[in-house]
Amino acid sequence: MFSTIRFIVVTLAGVFLGLASAWWAVGNLHFKGAQTIGQWSVVEDDAKANPYEAARAARRGGGGLGPSEGIELITETSADNKPLQAACAYLVTGPMPQGVLWTLTVSDRDGHLPANPARRFGFTSLDAMTFGPARQVRISIGREVRPGDFVATTDLSSLRLTLRLYSPTLAARAPSRDQLPSVTPLGCEQKDAS
Amino acid sequence: MIDTGLRWLAATLCIAGLTHIAAVLLAPSHSRDLAFTGVDFGGTDGKLVLVDNSNTSADLDPAFLNAVCRFDDETGPVRLTGIMPGTYWSVAAMSEDGRILSTLSREDLRGADIDLLVGRTAALDAVRQSVGLDSVETMSLPVSRGFVLLRLFAGSLDDRGLAEGAFEDLQCRPALSE
C-alpha cells in the first residue's frame, strides 16, 4: 500500500517537475541558434533547428510574419540584461529603421494585451513622436502615466515588447543593432517589483 | 533507507526528464492547432472572419485588422477578391498547424485590387483549366488544407475606417463554385 502511494507521488512529482521545467525553459532559455540583434530576438516562425525555439514559436500561437511581409523582433529583457517586469517602468528610446512601417506592441509573455480604456497597445511609425535628425523614438511604458508617448501596463503580470518591421528588404537583411531602439529601466513600484 | 530514497529521487528525475522532453517536442504539433481552428467559419457566406485576441491564440499585430478564411479538401482552392486600401496590407497562407507557407505583400501584387487563387499546386492547375483563370495571381501551396490570413494596417482611426471598408468588400470563395 505504502509503495503504491509512493509510486503515485513520485510519478505525479516527476510529471509536474517535467512540465514546469519545460514551461520555464521555453520561456527563458535562449540558445545560440536564435538570431539576436542587441537585446532583440528575431522571431522565426518556422524555427526548427532547436526544439525549444520551435516550442517557443508554438506558444506564441503562430501568425508571425512571412519573408515577404517583414520581420518580427521581441525582447523580454532590458538593456542591462535584466528580465522586463510588469511592475517597472521602461523607456524605449533610439532610432527605428527609416522608411518602413513599424509597430511596437506591449503585451505579457503570453501575448495578452494591456487592458486600457484608450486601447493603446503600442505605437506605430505613423503615430509615434520622433526627435532629432535621426528621428529617434521615446516611448515610455509602465503603470504610472508619463508625459509623451506612453503605454499603460496596468493589468499585465509580465512584459514583452514586440517590434514588427514591415519590409521584405529587412526580412532579407535584418537591421543592425544601431538601427534599433533600446529598452532602459526607469524605476519600479517597490511593493510589486521585489 | 538512504538507498531507497535515492532510488525514488532518481525515478522522479527520470520521469521529470522524459516529461520535459515530451512536452517540448510535442508543443509545436499541439498548441498551434489552436491558432485558427477555434475560429467559427460557419455562415460567413464568402466573407472573411475577423480575428483578434478574443477568438484566436495567434500572436497578431493589434495595429492591423486581421481576417482569415479557410480552405480544405471540400472547398478546394479559394479565390480572394476585393479592392484594397492604399495603406499597407499583406496576405499569408498558413497550414492547419499555423505555419506560414507563403506570403504576398501589397508591393508584390502591385495594385489596389486583389484577385488571388490560393490552394494546392495541382488543384490550382485544375481550376485554371476548368474555369479559365489563367491571368489571376496564384499562391501555390504544398497542402490542401489551411488558412488565408489577410492583414490590413489600421493603426489610426482613418486607417481603421479604410481597412474596415475594404474588409466589407472582400470575398473568399471556393474557386470552383464560380
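A. Focus on the overall build of chain B. Helix and strand counts for chain B come out as five helices and nine strands. Going from the N terminus to the C terminus, chain B shows its helices and strands as α-α-β-β-β-β-β-α-β-α-β-β-α-β. A globule of 178 residues ought to have a C-alpha radius of gyration of about 16 Å, yet chain B, at 21 Å, is considerably larger. When its C-alpha atoms are laid out on the principal axes, chain B stretches across 80 × 40 × 30 Å. Sorting the 178 residues of chain B into buried and exposed places 44% on the buried side. Contacts spanning at least 24 positions in sequence make up 67% of the contacts within chain B whose residues lie at least 6 apart.

B. Representation of the side chain of A:Ser107. Residues and elements named next belong to chain A. Here Ser107 is to be found in strand 5 (residues 101-107). Owing to a relative accessible area of 3%, Ser107 belongs among the buried residues under this scheme. Excluding its chain neighbours within four sequence positions, the residues that come into contact with Ser107 are His112, Leu113, Pro114, Leu156, Ser158, Leu159 and Arg160.

C. Main features of the domain arrangement of chain A. Residue and element names in this part refer to chain A. Domain boundaries in chain A define domain 1 (1-30) and domain 2 (32-193). Each of domain 1 and domain 2 has a C-alpha centre, and these two points are 33 Å apart. Listed by partner, the interface residues are seven residues for domain 1 and ten residues for domain 2. Each partner contributes to the roughly 790 Å² buried at the junction of domain 1 and domain 2, and carbon and sulfur atoms together form 51% of this total. For the pair domain 1 and domain 2, the interface holds zero salt bridges. Inspection of the region where domain 1 meets domain 2 yields zero residue pairs in polar contact (both at pLDDT 80 or more).

About the cut-offs
- Every chain is numbered on its own, with residues counted from 1 as its sequence reads.
- A letter from A marks each chain and a number from 1 marks each ligand, given out in the order of writing.
- Selection of residues for local features in this predicted model requires a pLDDT of at least 70, selection of side-chain atom pairs for listing and counting requires 80 or more, and totals for whole chains, interfaces and linings are taken over all residues.
- Note that water and hydrogens are dropped before the side-chain values are worked out from all heavy atoms of the structure.
- Strands here are runs of E lasting at least two residues and helices are runs of H or I lasting at least four, both read from the DSSP assignment and numbered beginning at the N terminus.
- All radius of gyration figures rest on C-alpha atoms, and the globule criterion is 2.2 Å times the number of residues raised to 0.38.
- Each residue gets one of three labels from its accessible area relative to the maximum for its type: buried under 20%, exposed over 50%, partly exposed in between, using a 1.4 Å probe on protein chains only.
- Any two residues whose heavy atoms approach within 4.5 Å are treated as being in contact.
- Bear in mind that the domain bounds are from an automatic or database domain assignment.
- A 1.4 Å probe defines the accessible area here, and the buried area is the portion of it lost by two parts on being joined, summed over both.
- Each salt bridge in this description consists of a side-chain nitrogen of Lys or Arg and a carboxyl oxygen of Asp or Glu lying within 4 Å of one another.
- Counted as a polar contact is a pair of N or O atoms within 3.5 Å, where, for protein atoms, one must be capable of donating a hydrogen and the other of accepting one, and residues adjacent in sequence contribute only when both atoms are in side chains.

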